[in-house]
Amino acid sequence: MEQEQVKEHFAKQAAEYEQLMVKLVPDYLAQHQIIHNLLPQEDKNYRVLDLGCGNGILSELIFKKLPNSFIVAFDLTADMLNAFEKKLSTKGGKFQVVQGDFRTDPIGQGYDIILAGLTLHHLTWEERAEFYHKLSAALNPDGLLLTREIIIDEDPAVRQEQYSYWKKFIQTQGEDPEFWYAKHLKKDHPVTLTDHFTWLKNAGFKKAACHWRLYNFVITTARK
Ligand SMILES: C[S@@+](CC[C@H](N)C(=O)[O-])C[C@H]1O[C@@H](n2cnc3c(N)ncnc32)[C@H](O)[C@@H]1O
């Protein structure tokens, strides 16, 4: 999918992003408790990158647990960044929004934490390996990379089974599963956890782990 189409897709979602995610991503809100637990316990002056920040849902979590952080909120879509600024309007001076394409534009450096929430699947297979090096270069030593992602299972039969569980979930939420599945196939590039961990290792990450999984959705961390 072209970047203009990705922008258009997310621009349409910006106003009601969270309500939609609850209907499309199993346990979307429950994931936030796990992400919260995985963040550092001690509040320091962390420099955080929220990559593909959308409306700021994960940055909100950061400020709840680690209020002394400074966040760089990076996204392609202006409407999402506007929604971010609105959501976090009380945190002025504690964040900077950057509009850009993380595949081609600089993403900054010196981060203690990088959050990539439902973001990496926008990279194509060919772009992945190099991008993990870009993430590594942006992190400080021992920095934390935390991702939540849509993935595919290594076994094609399990993959199909998980897609069918996912579609059933979408249907129970009153959304059209075939519409969203077709969109997913057209615009997303999910990979297996095996590949994710291999690319992490090749880029110098350590302690890579999957902490939560439901069907084709995961939460992972790794340390530089
Ligand atoms: C599904 S939303 C995720 C929002 C939030 N991080 C979360 O966990 O719910 C994906 C976001 O990534 C952004 N995005 C997609 N491709 C991008 C790219 N190449 N560069 C920067 N942002 C991108 C979209 O604009 C969108 O806001």
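Relevant structure appears above.
Read on for an overview of the structure. For clarity, every value in this text was computed on a predicted model and none was experimentally measured.

### Points about unusual backbone geometry
Most peptide bonds take the trans configuration, and most residues that are not glycine carry a negative phi. For Asp142, which is not glycine, the phi torsion reads 70° and is therefore positive. Counting through the fold element by element, Asp142 comes out in strand β5 (residues 139–150). Residue classification places Asp142 among the partly exposed positions, given a relative accessible area of 41%. Backbone geometry at Tyr215 places phi at a positive 50°, although glycine is not the residue there. On the secondary structure map, Tyr215 appears in the loop between β6 (206–214) and β7 (217–223).

### Considering the site of the ligand
In the region of the ligand, 22 residues are neighbours, and Tyr17, Tyr28, Gly52, Asp75 and Thr77 sit closest. The separation between a nitrogen atom of the ligand and a polar side-chain atom of Asp101 is 2.9 Å. Taking Phe102, its main chain carries an N or O atom lying 2.9 Å from a nitrogen atom of the ligand. Surface burial for the ligand is 99%, taken as the share of its 600 Å² of free accessible area covered by protein chains. Only α1 (3–13) and α4 (57–65) provide two or more residues apiece to the shell around the ligand.

### Re the side chain of Asp50
Summarising the element assignment, Asp50 is placed in strand β1 (residues 47–51). No salt bridge is formed by the buried Asp50; its nearest oppositely charged neighbour, Arg148, is found at 8.3 Å.

### What to know about the packing of aromatic side chains
Given two aromatic rings, their pairing is described by the distance between the two centres and the angle made by the two planes. Counted under the stated rule, the structure contains nine aromatic pairs. On the basis of an interplanar angle of 50° and a centroid distance of 5.3 Å, the ring pair of Phe102 and Phe131 is categorised as tilted. Note that Phe102 is positioned in the loop between β3 (95–99) and β4 (111–117) and Phe131 in helix α6 (residues 125–138), a separation of 29 residues in sequence. Considered together, Phe102 and Phe131 belong to a single accessibility category, that of buried residues. On the basis of an interplanar angle of 85° and a centroid distance of 5.0 Å, the ring pair of Phe179 and Trp180 is categorised as edge-to-face. Residue classification places Trp180 among the buried positions, given a relative accessible area of 14%. One aromatic cluster is present, formed by Tyr163, Trp166, Tyr181 and Phe217 through successive ring pairs. Between Lys167 and the ring centre of Tyr181, over which it is positioned, the NZ or CZ distance is 4.0 Å.

So, how was this worked out
- Residues numbered from 1 in each chain as written.
- Predicted model: local features only at pLDDT ≥ 70, side-chain atom pairs only at ≥ 80, totals over all residues.
- Heavy atoms only, no water.
- Helix = DSSP H or I, 4+ residues; strand = E, 2+ residues; numbered from the N terminus.
- Buried < 20%, exposed > 50% of the residue type's maximum accessible area, 1.4 Å probe, protein only.
- Near = heavy atom within 4 Å.
- Polar contact = N/O pair within 3.5 Å; in protein donor to acceptor, adjacent residues only side chain to side chain.
- Areas by Shrake-Rupley, 256 points an atom, 1.4 Å probe, with all protein chains shown as cover.
- Lys, Arg positive; Asp, Glu negative; His and termini not counted.
- Salt bridge = Lys/Arg side-chain N within 4 Å of Asp/Glu carboxyl O.
- Phe/Tyr/Trp six-rings, centres within 6.5 Å; stacked < 30°, edge-to-face > 60°.
- Lys NZ or Arg CZ within 6 Å of the ring centre and 35° of its normal.

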